[in-house]
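Here are the chains, one letter per residue:
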Amino acid sequence: MRRYGRRAPYATEFIIGILLLGTSAVQGEALSGPAPVTQVVAIDKPNDSGGSVLIRWKRSADDGAGMMSVKGYEILRSVEREKGYEHLTVVPAGVEEYVDNTTVDGTSYFYIIGATDGVHRTDSDPVGPVMSSAQWFHQGRLNMLIATVLLSGLVLWFINRAKKGKKLYIRPIAGLQAVDEAVGRATEMGRPVLYVPGIQDMDNIQTIAGIVILGRVAERTAQYGTPLIVPTSRSLVMTAAQETVKEAYLNVGRPDAYNPDLIRYLTDDQFGYAAGVDGMMVREKPAAIFYMGAFYAESLILAETGHSTGAIQIAGTAMPAQLPFFVTACDYTLIGEELFAASAYLSKEPLLLGSLKGQDWGKAIFIAILLLGSILASFGHYFLSDWLTTGSL
Amino acid sequence: MEGEIRFILATDCGSTTTKAILIERRGEEYRLVVRGEAPTTVEAPFEDVTRGVLNAIREVEELAGRRILEGGEIIKPSKGPDEGVDIYVSTSSAGGGLQMMVAGVVKSMTGESAARAALGAGAIVMDVIASNDGRAPHQKVERIRRFRPDMILLSGGVDGGTVSHVAELAELIAAAEPRPRFGSGYSLPIIYAGNRDARGIVKERLGADTALEIVENIRPVLERENLGPARGKIHELFMEHVMAHAPGYRKLMSWTDVPIMPTPGAVGLLIELIAKRDGIEVIGVDIGGATTDVFSVFKEVFNRTVSANLGMSYSVSNVLAEAGVEKITRWIPFEVEEIGLRNTIRNKMIRPTTVPQNLQELLMEQAVAREALRLAFEQHKSMAVGLKGIQQERTISDVFEQTATGATLVDMMDLDMIVGSGGVLSHAPRRSQAALMMIDAFLPEGVTRLAVDSIFMMPQLGVLSTVHQQAATQVFDRDCLIRLGTCIAPVGLAEEDEPCMKLKVTLPSGEDVEREVRFGEMILIPLGVGEGADIVMDPVKEFDVGAGRGKVLKTTVEGGVVGIIVDARGRPLQLPERAELRMRKLKEWAMALDAYPRLDLW
């Protein structure tokens, strides 16, 4: 082991050092600096995109024990074993690991860790060469890989089953089953159906789900010969709604009954829109009202007015704060994910059905694993929770 | 009028047989005296229904020793103790009964209400035409032309509701130019019971070419049904148009004191009356050769359905087709080849008046009957539903359980009584066979009384109830029903032989019968007709006998010719899948009820 001495920069310190030198044998040891670090290892940092080297060591015998003299560890790096070491940084005492994020991939490096007490430094032997590089596979994400494969496998398997004509059971959603009933009520009463697709634009997934359900409702109104009014608060939503309704009317062979004037843009303003829709409710007295999409504070204003007109109301939103208002003021409410599941439920398309079923099973499996992990952790076994969080056992 | 009446004559003109009963007031109560029957004579060569009626009355005359006819006419009112009757009433299902088509705007709303009105009036509903039934207009027109109904009930729209849809339906009917089944020289009766705002346009479309009658809307608002006026008009038109044009009915109508009613309508009326009088929930079933009628009163709502293709003779092959061989063989406690079963069933269809010649044939017939009853009951449950399309009131507690409208009204746990009727039930060699068939088909839950109609006189009593309610109910209680006993069926599932209930029965003698009931067994506790017993049922926590899961129920049960039947086979009933085990269990259950002789030797 080599010891690289260092001249004290200040005279006072030098004098104190001389004075202390003669006092005792123990003090004599202090002159040669703290004990060096041991077991120094430098490796390419795993599971990264390159450009970093991980250096680990066992701390000095004088760090937290012995002379208690270690103040920190100096990291030195060179591209040659014997010379050219440059100071990288100093890490505090007690630390046993450092990541050098300044390496160039493909270049070999050597490292020395010097234990320092503020005056002297005792260096380790150089370690290396070590070369940083990018990894193709992040082993810490093995858990995610398994989850992805499992989920995809389930989805594909269920899609395949659905395509083969196997019946996939989906829990009946009362709100969706009531679509026919609501449109039927409007038909018997000779009044229109009002469809409110929320106040957000087409970049909101809830609005998209709302437009998908609008297609189904429009098919029914076309079959029953009942007018369908769709007020929108965004111009893009109006265009999308018009296209959807037009297609629905074509699908059931009633293109003549399609009236684009009933799908209107009101205003982008939240409460201006709410006031406009309320006015329609009071004037037109629709017998069935649908609220499907993203809603904010206007939800209760709309739902209460609709209820007072005696309409059957079916709402669906993933906005948790608005759900209680819809539940109490509407006949049926699609809660959160039910809104997104609606398109699969209504269309019975194998692709959508299989995806829905696969995702549900995936969720069920993950919930079971989380529960198991919690139970094991409660009894002091952390391997499952560790694996879930870090991907390594 | 009721106080003066002593002798009552009632007939029911069925498709094949005309049945006559004579009722007499003895002291303070009315009792059945005799019953006579003769073949119905609507068809050629006679083509006069009154001939069969007179023949049946003659039999009554002979059996009762009373002179009722004089010169081919009924002597009315009665003259002294041995001559004449005070009232004569009749029902009829001859010539296929009353066959109707109904129309409504939305099939599950006014269409369904119209069907309920027609069924409740005793009609067979041949088709329901609706704006949303998915058929093209020409297909609907073709259906109306092909079926040739006796009558059409047109409904649609609430009052102040849609007019255009109703006008469209009226135009469809007008375009079909429907002709009635009987009589070529008269117009088809059409009852309009829809939106009052559309009356003008319906009159304009249909008034000229049909016998249009307008009554109150059957759905004035979606939240309420108003079937009475439409039903009343159906009965009236049945008499005026359909019956008046059937052979001999004009003469028969002149004899009767109240209008002739369609047979099922009269049965329904009686069942509704009894349910109302006793405040009970009832299911009645009449399994015939061609059709099976199911009646029910739940939550004070009367419903009737007719399964026009489920029966024990003409329609028996259809039962096989609908239920499938497996469903039928699951009730047969011996090995039977499929071809043998099919042949037995087909023989019954082409020779409808034959009866089983041996025990095997009887068991096969009763297996078919179970399935026919089960299927008819399934249909009934889907029709006996709450109103659809009504606004609901919600609270935040409904967040995860949003019940839909249109749920079935049939609740087997609330059911108090099942009344069976029809040859296979009323004429089963042992009454316990009828009880077992009804239990297997309807799967009653909790405590349910069982009864059969002894000689199928419910139709006559039904029509009689419109003119003399006291006589009808007294004869119904004393002579019509044969009380089989009470079925106790805990609801729940367990492993075979696991205890499911403790039972303590205090018999009229004061003797206590205590039993631990095990899952999968049937027990018979004898208790005679007219006797009652106090019973304490203590189910284990997975089972419910009517008070809730694991809760004790104390009640009084009625006896009957069979007794108290404890059915611990669980609900829903799951028969063993392995054939050998299933047959062993079927024999065990039948032997527990002493339903068949020497079954243990098989």
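Note that the structure is predicted; figures quoted are calculated from it, not measured. Per chain, residues are indexed from 1 in the order of the written sequence. Throughout, the order in which chains and ligands are written sets their labels, letters from A for the former and numbers from 1 for the latter. Restriction of local features to residues with pLDDT of at least 70 applies here, the model being predicted, together with a cutoff of 80 or more for giving and counting side-chain atom pairs; totals for whole chains, interfaces and linings are based on all residues. For side-chain calculations, the full set of non-hydrogen atoms in the structure is used, while hydrogens and water are omitted.

## Remarks on the overall build of chain A
Here a helix means four or more residues in a row that DSSP labels H or I, a strand means two or more in a row labelled E, and each is numbered from the N terminus. On a plain count of helices and strands, chain A comes out with twelve helices and 14 strands. We compute the radius of gyration over the C-alpha atoms and compare it with the globule rule, which gives 2.2 Å times the number of residues raised to the power 0.38. The C-alpha radius of gyration of chain A comes to 35 Å, more than 25% above the 21 Å expected for a compact globule of 393 residues. Each principal axis of the C-alpha atoms in chain A carries an extent, and together these give about 110 × 50 × 45 Å. Each residue is placed in one exposure class: buried if its accessible area under a 1.4 Å probe, protein chains only, is under 20% of its type's maximum, exposed if it is over 50%, and partly exposed if it falls in between. Across the 393 residues in chain A, those meeting the buried criterion constitute 45%. Pairs of residues are marked as contacts when any of their non-hydrogen atoms sit within 4.5 Å. Once local pairs closer than 6 in sequence are excluded, the contacts in chain A between residues at least 24 apart make up 66%. Side chains of chain A give 33 positive and 39 negative charges; the mean places of these two sets differ by 6 Å. In this count, Lys and Arg are taken as positive residues and Asp and Glu as negative ones, while His and the chain termini are left out. Just so you know, the charge point we use is NZ for Lys, CZ for Arg, CG for Asp and CD for Glu.

## What about the overall build of chain B?
Scanning chain B from terminus to terminus reveals 17 helices and 24 strands. Considered along the principal axes of its C-alpha atoms, chain B spans approximately 70 × 70 × 50 Å. Counting across all 602 residues of chain B, residues that qualify as buried make up 58%. For chain B, contacts bridging at least 24 residues in sequence account for 68% of all contacts bridging at least 6. For chain B, the accessible surface area stands at approximately 23,700 Å², while carbon and sulfur atoms represent 48% of it. Of note, chain B has its 68 positive side-chain charges centred 2 Å away from the centre of its 84 negative side-chain charges. Each accessible area value is a Shrake-Rupley result obtained with a 1.4 Å probe; residue values ignore everything except the protein chains displayed when judging cover.

## As for the confidence of the model for chain A
Close inspection of predicted coordinates is inappropriate for parts of the model with low pLDDT. Residues and elements named next belong to chain A. A residue-level look at chain A finds 91% of positions with pLDDT of 70 or above and a mean pLDDT of 86. Confidence scores here are pLDDT values: one per residue, from the predictor, ranging 0 to 100. Highest mean pLDDT in chain A belongs to strand β9 (residues 193-196) (97); lowest belongs to helix α2 (residues 25-30) (41). Note on residues 1-30: pLDDT is under 50 here. Beyond four places in sequence and across chains, it has 16 contacts.

## A closer look at the domain arrangement of chain A
Residue and element names in this part refer to chain A. Each domain's limits were defined by an automated method or a database of domain assignments. Looking at chain A, the domain boundaries give domain 1 (11-131), domain 2 (139-165 + 351-390) and domain 3 (174-348). Just the C-alpha atoms count here: the centres of domain 2 and domain 3 sit 35 Å apart. Residue-level contacts link four residues of domain 2 with six residues of domain 3. Both faces considered, domain 2 and domain 3 share a buried interface measuring about 420 Å² in area, 71% of it formed by carbon and sulfur atoms. Accessible area, probed at 1.4 Å, shrinks when two parts are joined; the buried area is that loss added up over both. Among the residues of domain 2 in contact with domain 3, Leu352, Leu353 and Leu356 are the three that bury the most area, contributing 83% of the side total. Counted as salt bridges are all cases of a side-chain nitrogen of Lys or Arg within 4 Å of a carboxyl oxygen of Asp or Glu. Our count for the contact surface shared by domain 2 and domain 3 stands at one salt bridge. In this structure, Lys363 engages Glu337 in a salt bridge whose closest nitrogen and oxygen atoms are separated by 2.5 Å. Pairs of N or O atoms within 3.5 Å make up the polar contacts considered here, provided that, within protein, one atom can donate a hydrogen while the other can accept it, and that residues adjacent in sequence are counted only when both atoms are side-chain atoms. Across the domain 2-domain 3 interface, the total number found is one residue pair in polar contact (both at pLDDT 80 or more). Within the side of domain 2 that touches domain 3, the residues separate by chemical class into three nonpolar, no polar and one charged. Lys, Arg, Asp and Glu make up the charged group, whereas Ala, Val, Leu, Ile, Met, Phe, Trp, Tyr, Cys and Pro make up the nonpolar group; the residues left over, Gly among them, are polar.

## Regarding the packing of aromatic side chains
Only the six-membered ring of Trp is used, alongside the rings of Phe and Tyr, when aromatic pairs are assigned; centres must lie within 6.5 Å, and planes under 30 degrees apart are stacked while those over 60 apart are edge-to-face, with the rest tilted. Evaluation of the coordinates by the stated rule reveals eleven aromatic pairs over all chains. With a centroid separation of 6.0 Å and an interplanar angle of 50°, the aromatic rings of Phe519 of chain B and Phe543 of chain B are classed as tilted. Remark: Phe543 of chain B occurs in the loop between β22 (532-539) and β23 (553-558) and Phe519 of chain B occurs in the loop between β20 (512-518) and β21 (522-525); sequence separation between them is 24 residues. On the basis of relative accessible area, Phe519 of chain B is assigned to the buried category, the value being 8%. Given the relative accessible area of 1%, Phe543 of chain B is considered buried. Members of the aromatic cluster, each reached through a chain of ring pairs, are Tyr291, Phe295 and Phe326 of chain A. One cation-aromatic arrangement involves Arg146 of chain B over Phe147 of chain B; the distance from NZ or CZ to the ring centre is 5.5 Å. The ring of Trp589 of chain B carries Arg569 of chain B above its face, with NZ or CZ at 4.8 Å from the centroid. In our convention, an over-ring charge means Lys NZ or Arg CZ found within 6 Å of a ring centre and within 35 degrees of that ring's normal.

## Some details on the sheet that holds strand β13 (residues 312-317) of chain A
Residue and element names in this part refer to chain A. The sheet built from six strands is open, its strands ordered β11-β10-β9-β12-β13-β14 with parallel pairing. Two strands bound the open sheet, and with one partner strand each, they are β11 (263-265) and β14 (332-335). Each neighbouring strand pair of the sheet contributes to a mean axis angle of 15°, computed without reference to strand direction. Helix α4 (residues 174-189) contacts β9, β12 (288-292), β13 and β14 of the sheet and is inclined by roughly 145° relative to β13. Here a strand pair is declared whenever DSSP counts at least two bridges between the two strands. Helix axes use the C-alpha atoms of the stretch in contact, all axes being lines fitted to C-alpha atoms, and the angles between their N-to-C directions lie in the range 0 to 180 degrees.

## So, a nonpolar patch on the surface
Residue and element names in this part refer to chain A. On the surface, a cluster of nonpolar side chains totalling about 680 Å² of accessible area is made up of Trp136, Phe137, Leu142, Leu145, Ile146 and Val149. Locating Phe137 in the fold gives a position in the loop between β8 (127-131) and α3 (142-163). Using a relative accessible area of 40% as the deciding quantity, one classes Phe137 as partly exposed. Patch membership is restricted to residues that have no salt bridge and whose relative accessible area is over 30%. Joining uses 9 Å for like charges and 5 Å for the nonpolar side chains Val, Leu, Ile, Met, Phe, Trp and Tyr.

## Observations regarding the sheet that holds strand β18 (residues 481-489) of chain B
Residues and elements named next belong to chain B. Across the sheet, which stays open at both edges, the eight strands sit in the order β15-β14-β13-β16-β17-β18-β24-β21 with mixed pairing between neighbours. Of all strands in the sheet, those with a lone pairing partner are β15 (301-307) and β21, marking the two edges. The average undirected angle you get between the axes of adjacent strands in this sheet is 20°. Here eight bridges tie strand β17 (residues 446-453) to β18, and the two strands are oriented antiparallel to one another. Following the sheet pairing, Ala451 is matched in β18 by Arg483.

## Let's talk about the packing of helix α2 (residues 107-120) of chain B against helix α6 (residues 228-245) of chain B
Residues and elements named next belong to chain B. Interhelical geometry of α2 versus α6 gives an angle of 45° and a closest axis separation of 9 Å. With respect to α6, the element α2 is oriented oblique. Note that α2 runs across α6; the crossing there is right-handed. Of the residues in α6, those in contact with Arg116, Ala117, Ala118 and Gly120 of α2 are Ala230, Arg231 and Ile234. Across the contact of α2 with α6, the residue classes break down as four nonpolar, one polar and two charged. Any angle that falls under 35 degrees is termed roughly parallel, while one over 145 is termed roughly antiparallel, one within 65 to 115 roughly perpendicular, and all others oblique. In this scheme the crossing of two helices becomes right-handed for a clockwise turn of the near helix relative to the far one and left-handed for an anticlockwise turn of less than a right angle.

## Some words on the interface of chain B and chain A
Each partner contributes residues to the interface: chain B has 29 residues there, and chain A has 23 residues. Together, the buried faces of chain B and chain A total about 2,100 Å²; carbon and sulfur atoms form 53% of this surface. Area buried by chain B at its contact with chain A is led by Gln391, Arg394 and Gln402 of chain B, which between them contribute 29% of it. One can count one salt bridge joining chain B with chain A. In this structure, Glu223 of chain B engages Arg185 of chain A in a salt bridge whose closest nitrogen and oxygen atoms are separated by 3.0 Å. Summed over the shared surface of chain B and chain A, the result is twelve residue pairs in polar contact (both at pLDDT 80 or more). Tallied by class, the residues present in the side of chain B that touches chain A amount to nine nonpolar, 16 polar and four charged.

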